[in-house]
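# Remarks on the overall topology
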Amino acid sequence: MKELIHLSTLDIAVVVIYIVVLLGIAYWASFSKKNKSDNLFTANKSLGWFAIGLTMWGTNVGPSMLIANASSGYESGIVAGNFSWYAFPFILMLAFVFAPRYLGAQVMTLPEYMGKRFGDKTRRYLAWYSIITILISWLGLTLFSGGVFMSQILDIPLSVSIIILVLISAAFVIAGGLKAIAYTNVFQMLLLIGVSILLVVMAVIKVGGISEIISATPVSYWKMFQPLDDPNFPWLAIVIGYPIMGVWFWCTDQSMVQSVLGAKDLKNGQMGANFVAWLKLIDIPLFMIPGVLAFILLPKLGNSTDAYLKLVETVFPSGLIGLVIVVMMAALISTVGSALNSLSAVFTMDIYIKQFKPAATNKEITLIGRIVVLAGALLSIFLAIGITYIQGLSFFNIFQSVLGFIAPPMSVAFLFAVLWKKTSHKAINSVLTLGTIFSIGTGILFYNKLIFNGLHFLYVSFIIFVILGIYVFVYSLIDKKSIHTEIDYKPIKIDRSVKIAWIVLIILMIGLYLFFN
């Protein structure tokens, strides 16, 4: 595999310094008396809004996202930024609809919440569903894409890159759990933001300024909404289809919500969600604009997926290139670490403790949690390496699209769980099982062009969501003997500062969408 960037001694030194500093922060977070946590999964409910926001954002920002966003920016401008900016209504839902119920129910995992709401069978279904999703999407594919990048940069075998990355991530989780992840994420994400800003500024200067950028790019590059006949990003598909993925990703995915479950209180959880919504605003300038800048500086680039790395090589001098490697490692370790912690939390609390040892002590829970992290790390290595053997089939790209077919059952289940007290537990169980088979099966038929030929996958995702939603509603009306368990939680008392933060963000988002259309 061709090496894209040549490293100097200074670049290597920068990487080594980063690893040493990161290990120092992780050690302090895990073992100092002040920060030592008895709870591996929720950091003893000690996380503040700043750590929550950076942890959620860091979990979302992986190396594949950096490279894919730059590639999209190179090909079509900022339109794919809808998947970042349009996330704010669903992060708002997390803050005011879901978080009060999760924190009020005092749960460590989302399957535990659904178990309290609908019974142990629902909890068990959702636990295994979450484990499989975390292993394949968060761990296997993230490690595969990150391993490919690191092997290109460092000129080492792909399997070795994957093993190194997962072992470093697992070490943080085993040592300090969510608290170690949160503290190291603060350092890593601030570093990622700083380096990304530096790259954009230096590239803008090299291009000749903002006016030169505008004149050298098509007008369509600066529109958030594209016409209905656009094959990749028709505006209506995004408006009605993305919400299905948005609710699933930001409100019901264990890896994303885990840090909110570790909040000191509801206010910190809501402010942490608000902070990550603000951080999503910088996705376009930091991760998509580099692609636009590469479009101007490197117009004859053969493959748009090389846009990010080629821009780095063009703009950064020796030493600063090492910082880019650091940024990619930070994004990887953050995502993989959060995923391993979520995997451990779900398996330990919702399967092992619930079904096999309900009377386990905190010490035993921590021990099992660490064993699960290690087992999950080893399994994810085999998954990531296994994916390398089928990459020629574009499995990675296909799977990312299929996420749109994983989302509908989870979105339906959780929305009905929190919004309608008469929801039938049998309807939820069948949506999580048969509904998932129906949704993914529809996706398989769709990608084989057997149904909905020519329709955007986000439209199909929306159709599935509507069908499953109607099914749950009708079933719940008919099923008079179902379990209707309400979870008591304290009434929402919204702090004034929380209101102001969200109102300002909403006004800004409306202004941005008007400006870029």
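Conventions used here
- Residues numbered from 1 in each chain as written.
- Predicted model: local features only at pLDDT ≥ 70, side-chain atom pairs only at ≥ 80, totals over all residues.
- Heavy atoms only, no water.
- Helix = DSSP H or I, 4+ residues; strand = E, 2+ residues; numbered from the N terminus.
- Buried < 20%, exposed > 50% of the residue type's maximum accessible area, 1.4 Å probe, protein only.
- Contact = heavy atoms within 4.5 Å.
- Areas by Shrake-Rupley, 256 points an atom, 1.4 Å probe, with all protein chains shown as cover.
- Phe/Tyr/Trp six-rings, centres within 6.5 Å; stacked < 30°, edge-to-face > 60°.
- Salt bridge = Lys/Arg side-chain N within 4 Å of Asp/Glu carboxyl O.
- Expected span 1.5 Å × (residues − 1).
- Bend = angle between axes of the 7 residues up to and from the residue.
- pLDDT = per-residue confidence, 0-100.
- Patch = residues over 30% accessible without salt bridge, like charges linked within 9 Å, V, L, I, M, F, W, Y side chains within 5 Å.
- Polar contact = N/O pair within 3.5 Å; in protein donor to acceptor, adjacent residues only side chain to side chain.
- Axes fitted to C-alpha atoms, helices over the stretch in contact; angles between N-to-C directions.
- Parallel < 35°, antiparallel > 145°, perpendicular 65-115°, else oblique.
- Nonpolar A, V, L, I, M, F, W, Y, C, P; charged D, E, K, R; others polar.

Looking only at helices and strands, the protein features 20 helices and zero strands. The buried share of the protein, taken over its 517 residues, is 58%. Sequence-distant contacts in the protein: of pairs separated by 6 or more residues, those separated by 24 or more amount to 86%. Here the protein displays about 21,100 Å² of accessible surface, and carbon together with sulfur accounts for 69% of that area.

Across all of its chains, the model carries 27 aromatic pairs by this definition. Between the aromatic rings of Phe 83 and Tyr 242, the centroid separation amounts to 5.5 Å while the plane-to-plane angle is 85°, which identifies the pairing as edge-to-face. Here Phe 83 is found in helix H4 (residues 82-85), whereas its partner Tyr 242 is found in helix H10 (residues 235-252), with 159 residues between them in sequence. Given a relative accessible area of 5%, Tyr 242 falls into the buried group. Between Tyr 102 and Tyr 113 the ring centres are 5.3 Å apart and the planes differ by 80°, which places this aromatic pair in the edge-to-face class. Placement of the pair is Tyr 102 in helix H5 (residues 88-104) and Tyr 113 in helix H6 (residues 110-118), with a sequence separation of eleven residues. The burial state of Tyr 102 is the same as that of Tyr 113; both residues are buried. These aromatic residues form a ring-pair network of at least three members: Trp 85, Phe 225, Trp 235, Tyr 513, Phe 515 and Phe 516.

With that settled, consider the pattern of salt bridges. In total, this model carries six salt bridges according to the counting rule given. A salt bridge links Lys 310 to Glu 313; the nearest nitrogen and oxygen atoms lie 3.8 Å apart. With Lys 310 and Glu 313 both in helix H14 (residues 307-315) and three residues apart, the pair spans about one turn of that helix. In this structure, Glu 364 and Lys 357 form a salt bridge, with 2.9 Å as the shortest nitrogen-oxygen distance.

The topology assignment puts Gly 246 in helix H10. Sequence-wise, Gly 246 and Phe 88 are 158 residues apart; in three dimensions their C-alpha atoms are separated by 8.9 Å. Contact partners of Gly 246, with chain neighbours within four places excluded, come to Phe 90 and Cys 251.

Once that is clear, we can look at unusual backbone geometry. What you tend to see is this: most non-glycine residues have negative phi, and most peptide bonds are trans. If you check the backbone angles, Gln 106 has positive phi at about 55° while not being a glycine. Given the relative accessible area of 64%, Gln 106 is considered exposed. Positive phi, normally seen in glycine, also occurs at Lys 449, with a value near 60°.

In this section: H5. For H5, spanning 17 residues, the distance from its first C-alpha to its last is 23 Å, which sits close to the expected 24 Å at 1.5 Å a residue. At Phe 98, H5 shows its largest bend, some 50°, and a proline, Pro 100, comes one to four positions later. Those residues of H5 that fall on the buried side of the exposure criterion are Phe 88, Phe 90, Ile 91, Leu 94, Ala 95, Phe 96, Phe 98, Ala 99, Pro 100, Arg 101, Tyr 102 and Leu 103. The positive-phi residue at the C-terminal boundary of H5 is Gln 106, with phi of around 55°.

With that settled, consider the confidence of the model for the protein. For the protein, per-residue confidence averages 85 on the pLDDT scale, and 89% of positions sit at 70 or higher. pLDDT under 50 marks residues 392-397. Its contacts with residues more than four places away, or in other chains, come to eight contacts.

On the surface, Val 466, Ile 470, Phe 473, Val 474, Leu 477 and Ile 478 cluster together into a nonpolar patch covering about 520 Å² of accessible area. Among the secondary structure elements, Ile 478 is positioned in helix H19 (residues 457-478). For Ile 478, a relative accessible area of 63% gives the class exposed.

Our next topic: the side chain of Asp 350. Topologically, Asp 350 is positioned in helix H15 (residues 320-355). What makes Asp 350 buried here is its relative accessible area of 1%. Side chain to side chain, Asp 350 and Thr 109 meet in a polar contact 2.5 Å long. Residues in contact with Asp 350, not counting those within four places in the same chain, are Thr 109, Pro 111, Glu 112, Arg 123, Ala 127, Ala 345 and Gln 355.

Packing of helix H11 (residues 254-261) against H15 leaves a shortest axis separation of 9 Å and a crossing angle of 80°. It follows from the interaxial angle that H11 and H15 lie roughly perpendicular. Facing Gln 254, Ser 255 and Gln 258 of H11, the residues of H15 in contact are Ser 338, Ala 339, Asn 341, Ser 342, Ala 345 and Val 346. Its residues assigned to classes, the contact of H11 with H15 comprises three nonpolar, six polar and no charged.

Relative orientation of the contacting elements helix H2 (residues 49-60) and H11 amounts to 170°, with a least axis distance of 9 Å. Relative to H11, the element H2 lies roughly antiparallel. Contacts from Ile 52, Thr 55, Met 56, Thr 59 and Asn 60 of H2 reach H11 at Ser 255, Met 256, Ser 259 and Val 260.

Once that is clear, we can look at the environment of Glu 313. Taking relative accessible area as the criterion, Glu 313 reaches 30% and is therefore assigned partly exposed. For Glu 313 and Val 324, which are eleven residues apart along the polypeptide, the C-alpha to C-alpha distance reads 10.0 Å.

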